Amino acid sequence: MNKPIDRFKKDLKNIAKAGAKLINIDLPEIEEKPIIAESAPEAPLTQTKLASKKAKKDDIPVNTYRPKDPFVGKCLSNEELVREGGEGTVRHLLFDLSGGDLRYVEGQSIGIIPAGNDESGKPHKLRLYSIASTRHGDRLDDKTVSLCVRQLEYNHPKTGERVYGVCSTYLCNMEPGADVKITGPVGKEMLLPDDPNANIIMMATGTGIAPFRAYLWRMFKEKHENYQFKGLAWLFFGVAYTPNILYKQELEKLQSQYPDHFRLTYAISREQKNAAGSKMYIQSRIAEHADELWELVQKDNTHTYICGLKGMEGGIDEGMSAAATKHGVDWAEYQRDLKKAHRWHVETY
Ligand code: FAD
Ligand code: A2P
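The rules behind the values
- Along each chain, the written sequence defines residue order, and numbers are assigned to residues from 1.
- All chains are assigned letters beginning at A, and all ligands numbers beginning at 1, according to the order in which they are written.
- Under the rules for a predicted model, residues below a pLDDT of 70 receive no local features and side-chain atom pairs below 80 are neither given nor counted, while totals for whole chains, interfaces and linings still include all residues.
- Only hydrogens and water are set aside when side-chain values are computed; all heavy atoms of the structure are taken into account.
- For each residue, the test is whether any non-hydrogen atom lies within 4 Å of the molecule or strand; if one does, the residue is near.
- Here a polar contact means two N or O atoms within 3.5 Å. Within protein one must be a hydrogen donor candidate and the other an acceptor candidate, and residues neighboring in sequence count only if both atoms are side-chain atoms.
- Computed by Shrake-Rupley with a 1.4 Å probe, the accessible areas treat only the displayed protein chains as cover when residues are assessed.
- Numbering of helices and strands starts at the N terminus; helices are DSSP runs of H or I of at least 4 residues and strands are runs of E of at least 2.
- Exposed residues in this analysis have more than 50% of their type's maximum accessible area, buried residues have under 20%, and partly exposed residues fall in between, with area computed by a 1.4 Å probe over protein chains only.
- Arc, as used here, means the arc of the directions from the helix axis to the C-beta atoms.
- Note: two strands are recorded as paired if DSSP finds a minimum of 2 bridges between them.
- Axis definition: a line fit to C-alpha positions, over the contact stretch in the case of helices; interaxial angles, taken between N-to-C directions, run 0 to 180 degrees.
- Any pair of residues with heavy atoms lying within 4.5 Å of one another is described as a contacting pair.

Chemist: So what exactly am I meant to see when it comes to the site of ligand 1 here?
Modeler: Taken together, the neighbourhood of ligand 1 is formed by 17 residues, with R127, L128, Y129, C167 and S168 sitting nearest. Measuring from an oxygen atom of ligand 1, one finds a side-chain N or O atom of R127 at 2.8 Å. A distance of 3.1 Å separates a nitrogen atom of ligand 1 from a polar atom in the backbone of S130. Burial of ligand 1 by the protein chains amounts to 64% of its free accessible area of 990 Å². Going through the elements one at a time, β5 (127-130), β6 (144-150) and α3 (166-172) are the ones with two or more residues in the shell around ligand 1. The leading source of residues in the shell around ligand 1 is β5, at 4 residues.

Here you go:
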């Protein structure tokens, strides 16, 4: 605490605390995170820098660990994310990566090989999960990776029997201390641009929030020398009930801390109704804000990301198409160009 900036921060904090006491309000905690220096300083991206973008993509780690020789990590924690009154089970899992070479960046996925064999007696195949932490991990020591996993459960269409997904159940029931076989990382579709002034539109249903948690933590919770986010991040988040809003407290805290840089729009399907009186799905929110979104996507530095249920894509296209048509633009064609320019990113499952 001997640098002028630290003294300044401490003074600010004391002044704010004293002020808050006087008017009797709860002040959101000011987080003092160390500034993270990353080895390769990253240049801002523009559409015209496709060559440097390609070089950057080639630098992204992939398949460091393959299914034949996976990394064996340890489960450090496994916490429920769905609160009382919510639907189903979604867990936040933290795995220890120390002793290995598994490095990853925001937007990538890892594979998990569940223990045991399938019906034919062969070892289970891996399942992919989006990484929910930044490259530095939840503990900021570059030694962990986090996942956000919903336990798959459904009634068998023929027998009516309750069926639980193999890998998601394995993960959701995992005890801290257990070994876990990890492959990857994989994926270059959902990478976050290095440009700190970019606009980042995120559309998630359920566990589709995972990569966006990583983006938002990188943008707002970590302090970087070479990436200080100054653009607009806008998250559309679709869930069944309010208690299903994953990471709700943290998201809303970010929104209150950075109101000029972070917008948060929920679609709570089983509590809210859209204008037509049907379930409030994420696409109804897109339709409500379609003109604003259309303005935004036309900017060279706007990137749109969609993650979660496959079913949401069609509805999102309808909303965007309606807005584009008003301006005489064919959305399908426009979206093709956005994809070519790496500004429209989809990872649905
Ligand atoms: P399995 O035992 O493999 O069962 C799945 C099978 O059950 C399906 O193939 C289907 O045949 C059947 N089935 C499923 N639902 C029904 C139904 N309603 N009626 C009848 N049959 C049905 N999941 C997450 O929770 N979090 C993530 O972050 C995440 N990220 C992903 C990222 C990518 C790139 C991909 C491709 C997938 C991601 N998934 C994520 C999904 C994950 O990979 C698994 O598919 C999921 O956990 C289910 O696996 P399981 O082993 O539990 O189910
Ligand atoms: P609902 O289940 O009420 O039909 P989760 O993965 O946590 O269950 O959340 C998924 C959210 O996405 C739920 O609110 C779910 O609504 C909603 N959803 C389901 N199908 C679609 C779809 N085709 N398009 C958009 N949202 C959907």
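Further notes follow.
Chemist: When you look at helix α7 (residues 290-297) in this model, what are you seeing that I'm missing?
Modeler: For α7, the set of buried residues is A290, L293, W294, L296 and V297. Taken end-on, α7 shows its buried residues confined to a sector of 165°, consistent with a single buried face.

Chemist: What should I look at first to understand the sheet that holds strand β13 (residues 262-268) in this one?
Modeler: Backbone hydrogen bonds are what pair the strands of a sheet, in a parallel or an antiparallel way. Strands sit in the order β13-β12-β10-β14-β15 across an open sheet of 5 strands; the sheet is parallel. If you trace the sheet from one side to the other, it starts and ends with β13 and β15 (344-348), each paired once. Here the strands of the sheet are splayed against their neighbours by 10° on average, with no regard to which way each runs. Its contacts with the sheet put helix α5 (residues 248-257) on β12 (233-239) and β13, and the angle it makes with β13 is roughly 140°.

Chemist: What is the right way to look at the site of ligand 2 in this model?
Modeler: Close contacts around ligand 2 come from 14 residues, with V239, S269, R270, K279 and Y281 the closest. The separation between an oxygen atom of ligand 2 and a polar side-chain atom of K279 is 2.8 Å. In this structure, a nitrogen atom belonging to ligand 2 sits 3.1 Å away from a side-chain N or O atom of Q283. Against a free-state accessible area of 560 Å², the protein chains account for coverage of 81% of ligand 2.

Chemist: How should I be thinking about the sheet that holds strand β2 (residues 71-80) in this particular structure?
Modeler: Pairing in this open sheet of 6 strands is antiparallel, and the strands run β5-β4-β9-β2-β3-β6 from one edge to the other. The open sheet has two edge strands with one neighbour each: β5 and β6. Ignoring which end each strand starts from, the neighbouring axes of this sheet average 40° apart. In the sheet, β2 pairs with strand β9 (residues 179-186) via 4 bridges, with the strands oriented antiparallel. Bridge pairing in β9 places V72 opposite K181.

Chemist: Could you clarify how one ought to interpret the pairing of β6 in this entry?
Modeler: Looking along a regular strand, one sees the side chains alternate between the two faces of the sheet. With 6 of 7 residues buried, β6 lies mostly within the body of the structure. Note: strand β3 (residues 90-96) against β6, 7 bridges, orientation antiparallel. Bridge pairing in β6 places H92 opposite C148.

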